[in-house]
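Fold and contact review
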Amino acid sequence: MLLLDTQQLQNDEAGVFIHANAIQNIINGEYIKPISPFYNSIIFAIIMLLVSLLSLFNKRLINTFLLLIPFIFISISFIIFSQKIYISTFHTFFATLLVGSVKTLGDFLKENAEKRRMKEFLYRYVPDIVADNLLKQGELKLGGETRNVVVLFSDIKGFTSRSEKLSPEEVVSFLNVYLTRMSEIIRYKYNGTIDKFIGDAIMAIFGAPISYEDDIDRALKCALDMRKELKKLDEELGLDLDSGIGIHYGPAIVGNIGAPFRMDYTCIGDTVNTASRIEHLTREIDAEIIVSEEIVSRTNNFIFEYVGSYLVKGKSMQLNLYKLISEKLNT
(Lines give C-alpha, C1' and ligand atoms only; values in the text may rest on other atoms or scores of the structure.)
Protein backbone atom coordinates (compact mmCIF):
# COMPACT_ATOMS: atom_id res chain seq x y z
CA MET A 1 0.00 0.00 0.00
CA LEU A 2 1.37 3.28 -1.10
CA LEU A 3 1.59 5.81 1.74
CA LEU A 4 1.62 9.50 0.91
CA ASP A 5 3.75 12.11 2.64
CA THR A 6 1.84 14.81 4.53
CA GLN A 7 3.17 17.43 2.11
CA GLN A 8 1.42 15.59 -0.73
CA LEU A 9 -1.93 15.55 1.00
CA GLN A 10 -4.49 18.08 -0.12
CA ASN A 11 -7.55 19.31 1.68
CA ASP A 12 -9.78 17.07 -0.44
CA GLU A 13 -7.81 13.83 0.20
CA ALA A 14 -9.83 10.87 1.43
CA GLY A 15 -9.65 10.20 5.14
CA VAL A 16 -8.17 6.75 4.67
CA PHE A 17 -5.04 8.22 3.06
CA ILE A 18 -4.63 10.72 5.90
CA HIS A 19 -4.93 7.97 8.51
CA ALA A 20 -2.52 5.76 6.60
CA ASN A 21 0.00 8.60 6.33
CA ALA A 22 -0.25 9.29 10.06
CA ILE A 23 0.32 5.61 10.90
CA GLN A 24 3.33 5.45 8.60
CA ASN A 25 4.83 8.57 10.32
CA ILE A 26 4.39 6.91 13.71
CA ILE A 27 6.04 3.72 12.50
CA ASN A 28 8.97 5.73 11.12
CA GLY A 29 9.17 7.85 14.29
CA GLU A 30 8.51 10.98 12.28
CA TYR A 31 6.04 12.82 14.48
CA ILE A 32 5.97 16.03 16.55
CA LYS A 33 6.99 15.56 20.16
CA PRO A 34 5.64 18.24 22.55
CA ILE A 35 7.82 18.93 25.55
CA SER A 36 6.50 17.87 28.92
CA PRO A 37 4.45 20.19 31.20
CA PHE A 38 7.41 20.22 33.61
CA TYR A 39 9.74 21.78 31.05
CA ASN A 40 6.98 24.12 29.93
CA SER A 41 6.73 25.35 33.53
CA ILE A 42 10.48 25.89 33.70
CA ILE A 43 10.44 27.86 30.44
CA PHE A 44 7.51 29.94 31.72
CA ALA A 45 9.31 30.68 35.01
CA ILE A 46 12.51 31.71 33.21
CA ILE A 47 10.63 34.00 30.83
CA MET A 48 8.64 35.55 33.70
CA LEU A 49 11.86 36.20 35.63
CA LEU A 50 13.61 37.70 32.60
CA VAL A 51 10.66 39.91 31.67
CA SER A 52 10.21 41.02 35.31
CA LEU A 53 13.88 41.95 35.67
CA LEU A 54 13.90 43.90 32.41
CA SER A 55 10.70 45.72 33.34
CA LEU A 56 12.50 47.28 36.32
CA PHE A 57 14.58 49.41 33.97
CA ASN A 58 13.29 52.44 32.10
CA LYS A 59 15.96 52.64 29.42
CA ARG A 60 14.57 52.73 25.91
CA LEU A 61 16.91 50.00 24.62
CA ILE A 62 15.89 47.59 27.37
CA ASN A 63 12.19 48.32 26.87
CA THR A 64 12.62 47.66 23.15
CA PHE A 65 14.29 44.32 23.89
CA LEU A 66 11.43 43.53 26.26
CA LEU A 67 8.96 43.88 23.40
CA LEU A 68 11.12 41.69 21.16
CA ILE A 69 11.22 38.74 23.57
CA PRO A 70 8.00 37.08 22.25
CA PHE A 71 9.20 37.34 18.65
CA ILE A 72 12.64 35.99 19.54
CA PHE A 73 11.01 33.07 21.34
CA ILE A 74 8.74 32.35 18.35
CA SER A 75 11.79 32.25 16.07
CA ILE A 76 13.55 29.83 18.42
CA SER A 77 10.45 27.66 18.75
CA PHE A 78 10.16 27.53 14.93
CA ILE A 79 13.73 26.27 14.62
CA ILE A 80 13.06 23.65 17.30
CA PHE A 81 9.78 22.75 15.60
CA SER A 82 11.74 21.90 12.43
CA GLN A 83 13.44 19.27 14.58
CA LYS A 84 9.97 17.87 15.38
CA ILE A 85 9.84 19.27 18.91
CA TYR A 86 6.88 21.49 19.82
CA ILE A 87 7.13 24.28 22.40
CA SER A 88 4.02 26.25 23.21
CA THR A 89 4.36 30.00 22.57
CA PHE A 90 1.38 30.76 24.79
CA HIS A 91 3.54 31.03 27.91
CA THR A 92 5.80 33.66 26.37
CA PHE A 93 2.97 35.90 25.27
CA PHE A 94 1.15 35.39 28.54
CA ALA A 95 4.24 36.29 30.61
CA THR A 96 4.98 39.39 28.53
CA LEU A 97 1.35 40.49 28.60
CA LEU A 98 1.03 39.90 32.35
CA VAL A 99 4.24 41.70 33.36
CA GLY A 100 3.67 44.44 30.79
CA SER A 101 0.15 45.08 32.10
CA VAL A 102 1.35 45.19 35.69
CA LYS A 103 4.21 47.54 34.75
CA THR A 104 1.89 49.82 32.77
CA LEU A 105 -0.60 49.95 35.63
CA GLY A 106 2.18 50.62 38.14
CA ASP A 107 3.66 53.40 36.01
CA PHE A 108 0.21 54.94 35.58
CA LEU A 109 -0.51 54.92 39.31
CA LYS A 110 2.98 56.22 40.11
CA GLU A 111 2.66 59.05 37.58
CA ASN A 112 -0.77 60.03 38.91
CA ALA A 113 0.49 60.00 42.50
CA GLU A 114 3.50 62.12 41.51
CA LYS A 115 1.26 64.54 39.62
CA ARG A 116 -1.07 64.89 42.60
CA ARG A 117 1.87 65.47 44.93
CA MET A 118 3.35 68.08 42.58
CA LYS A 119 -0.04 69.76 42.16
CA GLU A 120 -0.53 70.03 45.93
CA PHE A 121 3.02 71.33 46.22
CA LEU A 122 2.49 73.99 43.55
CA TYR A 123 -0.91 75.11 44.80
CA ARG A 124 0.72 76.17 48.06
CA TYR A 125 2.72 78.85 46.27
CA VAL A 126 1.27 79.83 42.92
CA PRO A 127 -2.20 80.53 41.52
CA ASP A 128 -4.19 77.49 40.39
CA ILE A 129 -4.01 78.53 36.73
CA VAL A 130 -0.21 78.82 36.95
CA ALA A 131 0.04 75.41 38.63
CA ASP A 132 -2.13 73.85 35.91
CA ASN A 133 0.02 75.41 33.17
CA LEU A 134 3.21 74.13 34.78
CA LEU A 135 1.85 70.61 35.04
CA LYS A 136 0.71 70.65 31.41
CA GLN A 137 3.89 72.20 30.04
CA GLY A 138 6.32 70.47 32.39
CA GLU A 139 8.34 73.67 32.84
CA LEU A 140 9.04 73.38 36.54
CA LYS A 141 12.70 72.58 37.13
CA LEU A 142 13.61 70.92 40.39
CA GLY A 143 16.70 72.45 41.89
CA GLY A 144 17.85 76.01 41.43
CA GLU A 145 18.10 78.20 38.36
CA THR A 146 19.02 81.85 37.89
CA ARG A 147 16.15 84.03 36.66
CA ASN A 148 15.32 87.72 36.52
CA VAL A 149 12.45 88.25 38.92
CA VAL A 150 10.55 91.00 40.69
CA VAL A 151 10.71 90.63 44.46
CA LEU A 152 8.08 92.26 46.67
CA PHE A 153 8.37 92.57 50.44
CA SER A 154 5.45 93.77 52.54
CA ASP A 155 5.43 94.32 56.29
CA ILE A 156 3.07 95.97 58.78
CA LYS A 157 4.83 98.88 60.49
CA GLY A 158 5.04 98.56 64.25
CA PHE A 159 3.03 95.36 64.36
CA THR A 160 5.37 93.66 66.85
CA SER A 161 4.79 96.34 69.49
CA ARG A 162 1.04 96.33 68.80
CA SER A 163 0.80 92.53 69.05
CA GLU A 164 2.27 92.61 72.57
CA LYS A 165 -0.99 94.22 73.72
CA LEU A 166 -3.08 91.44 72.19
CA SER A 167 -3.62 87.85 73.24
CA PRO A 168 -2.01 85.12 71.13
CA GLU A 169 -5.47 84.12 69.87
CA GLU A 170 -6.18 87.67 68.71
CA VAL A 171 -2.82 87.94 66.96
CA VAL A 172 -3.31 84.66 65.12
CA SER A 173 -6.89 85.56 64.19
CA PHE A 174 -5.83 88.91 62.73
CA LEU A 175 -2.85 87.46 60.89
CA ASN A 176 -5.02 84.78 59.31
CA VAL A 177 -7.43 87.39 58.00
CA TYR A 178 -4.69 89.79 56.89
CA LEU A 179 -2.51 87.20 55.18
CA THR A 180 -5.51 85.66 53.45
CA ARG A 181 -6.60 89.02 52.02
CA MET A 182 -3.11 89.86 50.83
CA SER A 183 -2.52 86.37 49.44
CA GLU A 184 -5.70 86.49 47.38
CA ILE A 185 -4.50 89.70 45.73
CA ILE A 186 -1.02 88.35 45.06
CA ARG A 187 -2.02 84.88 43.83
CA TYR A 188 -5.39 85.20 42.18
CA LYS A 189 -5.51 88.76 40.95
CA TYR A 190 -1.93 89.22 39.75
CA ASN A 191 -0.59 85.65 39.43
CA GLY A 192 2.29 86.24 41.81
CA THR A 193 4.10 83.51 43.73
CA ILE A 194 4.04 83.69 47.51
CA ASP A 195 7.52 82.75 48.64
CA LYS A 196 6.98 82.84 52.38
CA PHE A 197 5.27 84.43 55.37
CA ILE A 198 7.53 85.80 58.11
CA GLY A 199 5.14 86.73 60.88
CA ASP A 200 3.13 89.58 59.36
CA ALA A 201 5.66 90.04 56.55
CA ILE A 202 5.05 88.67 53.08
CA MET A 203 7.61 87.88 50.41
CA ALA A 204 6.27 87.45 46.89
CA ILE A 205 7.96 87.04 43.52
CA PHE A 206 6.79 87.78 39.99
CA GLY A 207 8.54 86.03 37.12
CA ALA A 208 8.87 82.54 38.58
CA PRO A 209 8.07 79.77 38.11
CA ILE A 210 6.38 81.29 35.02
CA SER A 211 7.61 84.56 33.57
CA TYR A 212 5.41 87.08 31.75
CA GLU A 213 6.27 90.26 29.90
CA ASP A 214 4.35 92.39 32.41
CA ASP A 215 5.87 91.00 35.62
CA ILE A 216 6.94 94.47 36.80
CA ASP A 217 3.57 96.10 36.05
CA ARG A 218 1.70 93.31 37.82
CA ALA A 219 3.92 93.64 40.88
CA LEU A 220 3.33 97.40 41.05
CA LYS A 221 -0.44 97.05 40.62
CA CYS A 222 -0.39 94.34 43.27
CA ALA A 223 1.40 96.66 45.73
CA LEU A 224 -1.16 99.43 45.17
CA ASP A 225 -4.06 97.03 45.70
CA MET A 226 -2.46 95.57 48.83
CA ARG A 227 -2.37 99.05 50.30
CA LYS A 228 -6.03 99.62 49.41
CA GLU A 229 -7.02 96.30 50.93
CA LEU A 230 -5.19 97.13 54.17
CA LYS A 231 -7.17 100.36 54.48
CA LYS A 232 -10.41 98.41 54.00
CA LEU A 233 -9.31 95.95 56.66
CA ASP A 234 -8.52 98.82 59.04
CA GLU A 235 -12.03 100.18 58.58
CA GLU A 236 -13.65 96.77 59.07
CA LEU A 237 -11.71 95.93 62.22
CA GLY A 238 -11.42 99.44 63.63
CA LEU A 239 -7.63 99.42 63.43
CA ASP A 240 -5.07 101.96 62.33
CA LEU A 241 -2.39 99.82 60.74
CA ASP A 242 0.10 100.93 58.13
CA SER A 243 2.33 98.81 55.92
CA GLY A 244 5.53 99.32 53.99
CA ILE A 245 6.28 97.67 50.65
CA GLY A 246 9.64 97.39 48.90
CA ILE A 247 10.07 96.20 45.31
CA HIS A 248 13.24 95.39 43.40
CA TYR A 249 14.10 93.69 40.09
CA GLY A 250 17.14 91.58 39.26
CA PRO A 251 18.64 88.09 39.00
CA ALA A 252 18.02 85.54 41.73
CA ILE A 253 18.30 81.81 42.28
CA VAL A 254 14.84 80.28 42.15
CA GLY A 255 13.87 76.67 42.78
CA ASN A 256 13.41 73.92 45.33
CA ILE A 257 16.03 74.67 47.94
CA GLY A 258 16.62 72.92 51.23
CA ALA A 259 17.30 69.42 52.51
CA PRO A 260 16.07 66.20 50.89
CA PHE A 261 13.49 65.78 53.67
CA ARG A 262 12.38 69.44 53.71
CA MET A 263 12.38 71.56 50.56
CA ASP A 264 10.73 74.87 49.77
CA TYR A 265 10.18 76.57 46.46
CA THR A 266 11.96 79.82 47.22
CA CYS A 267 14.05 82.66 45.86
CA ILE A 268 17.46 83.69 47.21
CA GLY A 269 20.19 86.10 46.27
CA ASP A 270 21.20 89.75 46.31
CA THR A 271 17.96 90.85 44.63
CA VAL A 272 15.95 89.39 47.51
CA ASN A 273 18.16 91.02 50.15
CA THR A 274 17.96 94.39 48.39
CA ALA A 275 14.16 94.24 48.19
CA SER A 276 14.02 93.50 51.91
CA ARG A 277 16.34 96.44 52.71
CA ILE A 278 14.22 98.75 50.55
CA GLU A 279 11.10 97.70 52.43
CA HIS A 280 12.78 98.56 55.77
CA LEU A 281 13.42 102.09 54.49
CA THR A 282 9.65 102.76 54.45
CA ARG A 283 10.02 103.34 58.20
CA GLU A 284 12.51 106.14 57.59
CA ILE A 285 11.14 107.65 54.39
CA ASP A 286 7.69 109.16 54.03
CA ALA A 287 6.57 106.56 51.53
CA GLU A 288 4.27 103.57 51.59
CA ILE A 289 5.72 101.82 48.53
CA ILE A 290 9.38 102.23 47.58
CA VAL A 291 10.88 100.80 44.41
CA SER A 292 14.38 100.67 42.97
CA GLU A 293 15.63 102.39 39.83
CA GLU A 294 15.70 98.98 38.13
CA ILE A 295 11.91 98.95 38.44
CA VAL A 296 11.35 102.53 37.32
CA SER A 297 13.55 102.19 34.24
CA ARG A 298 11.53 99.21 32.98
CA THR A 299 7.99 100.63 32.96
CA ASN A 300 6.22 103.70 31.65
CA ASN A 301 2.81 102.94 33.08
CA PHE A 302 3.18 104.38 36.58
CA ILE A 303 3.88 107.67 38.32
CA PHE A 304 6.94 107.72 40.58
CA GLU A 305 8.51 110.32 42.83
CA TYR A 306 12.28 110.33 43.40
CA VAL A 307 13.05 110.15 47.13
CA GLY A 308 16.86 110.13 47.00
CA SER A 309 19.92 107.89 47.05
CA TYR A 310 20.37 105.57 50.00
CA LEU A 311 23.05 103.15 51.06
CA VAL A 312 21.45 99.90 52.15
CA LYS A 313 23.11 97.10 54.07
CA GLY A 314 25.03 94.73 51.82
CA LYS A 315 25.53 97.31 49.06
CA SER A 316 28.73 99.26 48.44
CA MET A 317 26.97 101.85 46.26
CA GLN A 318 23.91 103.92 46.98
CA LEU A 319 20.60 103.03 45.41
CA ASN A 320 18.35 105.52 43.66
CA LEU A 321 14.94 104.95 45.17
CA TYR A 322 11.47 106.09 44.14
CA LYS A 323 8.08 106.34 45.74
CA LEU A 324 5.25 104.69 43.83
CA ILE A 325 2.43 107.20 43.54
CA SER A 326 -0.17 105.61 41.28
CA GLU A 327 -0.86 104.01 37.94
CA LYS A 328 -1.16 106.35 34.98
CA LEU A 329 -4.75 106.90 33.95
CA ASN A 330 -4.08 106.47 30.23
CA THR A 331 -2.63 102.94 30.57
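What comes next concerns the included structure. Since we're looking at a predicted model, the values are computed, not measured.

**Focus on the overall build of the protein chain**
Summing up its helical and strand segments, the protein chain has 10 helices and 10 strands in all. The buried share of the protein chain, reckoned over its 331 residues, is 39%. Accessible surface computed for the protein chain: about 19,900 Å², of which carbon and sulfur atoms make up 59%.

**Some remarks on the pattern of salt bridges**
Applying the stated rule across the entire model yields 13 salt bridges. Here Lys 189 ties to Asp 225 by a salt bridge, and the two come within 2.7 Å at their closest N and O atoms. Taken together, the residues Lys 189 in helix α7 (residues 168-189) and Asp 225 in helix α8 (residues 215-237) connect sequence positions 36 residues apart. As a salt-bridge pair, Asp 215 and Arg 218 come within 2.2 Å of each other at their nearest N and O atoms. Placement of the pair is Asp 215 and Arg 218 together in helix α8, with a separation of 3 residues, close to one helical turn. Here Asp 215 falls in the buried class, since its relative accessible area comes to 6%. A cluster of three or more residues bridged by salt bridges with shared partners is formed by Lys 157, Arg 227, Asp 242 and Glu 288.

**What about the pairing of strand β3 (residues 144-156)?**
Sheet topology places β3 next to strand β6 (residues 243-259); 13 bridges connect them, and they run antiparallel. Residue pairing across strands places Glu 145 opposite Val 254, the latter belonging to β6.

**Quick word on the environment of His 280**
Relative to the helices and strands, His 280 is located in helix α9 (residues 270-280). When its relative accessible area of 40% is taken as the criterion, His 280 is described as partly exposed. In the structure, His 280 is positioned 34 residues away from Gly 246 in sequence and 7.6 Å away in space, judged by C-alpha atoms.

**Some words on unusual backbone geometry**
In this structure, the amide linkage connecting Ala 208 to the following residue, Pro 209, adopts the cis form with an omega of 0°. With respect to the helices, strands and loops of the structure, Pro 209 is situated in the loop between β5 (201-206) and α8. Backbone geometry places Asn 191, a non-glycine residue, at a positive phi of 55°. Along the polypeptide, Asn 191 turns up in the loop between α7 and β4 (193-198).

**As for the packing of aromatic side chains**
With the rule as written, the count across this model stands at 4 aromatic pairs. Centre to centre, the rings of Phe 159 and Phe 174 are 5.6 Å apart; their planes meet at 25°, and the pair counts as stacked. Within this pair, whereas Phe 159 is found in helix α6 (residues 159-163), its partner Phe 174 is found in helix α7, the two being separated by 15 residues in sequence. By the burial criterion, Phe 159 is buried, and Phe 174 matches it. Put simply, the rings of Phe 159, Phe 174 and Tyr 178 pair up and form one aromatic cluster.

**Brief notes about the side chain of Thr 299**
Tracing the backbone shows Thr 299 in the loop between α10 (293-296) and β9 (302-310). Here the side chain of Thr 299 touches Asn 301 through a polar contact of 3.3 Å, landing on its backbone nitrogen. Other than its neighbours up to four places away in sequence, Thr 299 contacts Ile 216, Asp 217, Leu 220 and Phe 304.

**A short note on the packing of α7 against α8**
Direction vectors running N to C along α7 and α8 enclose 150°, while the axes themselves pass 10 Å from each other. Overall, the two elements α7 and α8 adopt an arrangement that is roughly antiparallel. Crossing of α7 over α8 shows right-handed handedness. Two secondary-structure elements touch here, α7 through Phe 174, Val 177, Tyr 178, Arg 181, Met 182, Ile 185, Ile 186 and Lys 189 and α8 through Cys 222, Asp 225, Met 226, Glu 229, Leu 230, Leu 233, Glu 236 and Leu 237. For the contact of α7 with α8, the per-class residue count stands at 11 nonpolar, no polar and 5 charged.

Cut-offs used in this document
Residues numbered from 1 in each chain as written. Predicted model: local features only at pLDDT ≥ 70, side-chain atom pairs only at ≥ 80, totals over all residues. Heavy atoms only, no water. Helix = DSSP H or I, 4+ residues; strand = E, 2+ residues; numbered from the N terminus. Buried < 20%, exposed > 50% of the residue type's maximum accessible area, 1.4 Å probe, protein only. Areas by Shrake-Rupley, 256 points an atom, 1.4 Å probe, with all protein chains shown as cover. Salt bridge = Lys/Arg side-chain N within 4 Å of Asp/Glu carboxyl O. Pairing = 2+ DSSP bridges. Phe/Tyr/Trp six-rings, centres within 6.5 Å; stacked < 30°, edge-to-face > 60°. Polar contact = N/O pair within 3.5 Å; in protein donor to acceptor, adjacent residues only side chain to side chain. Contact = heavy atoms within 4.5 Å. Axes fitted to C-alpha atoms, helices over the stretch in contact; angles between N-to-C directions. Parallel < 35°, antiparallel > 145°, perpendicular 65-115°, else oblique. Left-handed = near helix turned anticlockwise from the far one by under 90°. Nonpolar A, V, L, I, M, F, W, Y, C, P; charged D, E, K, R; others polar.

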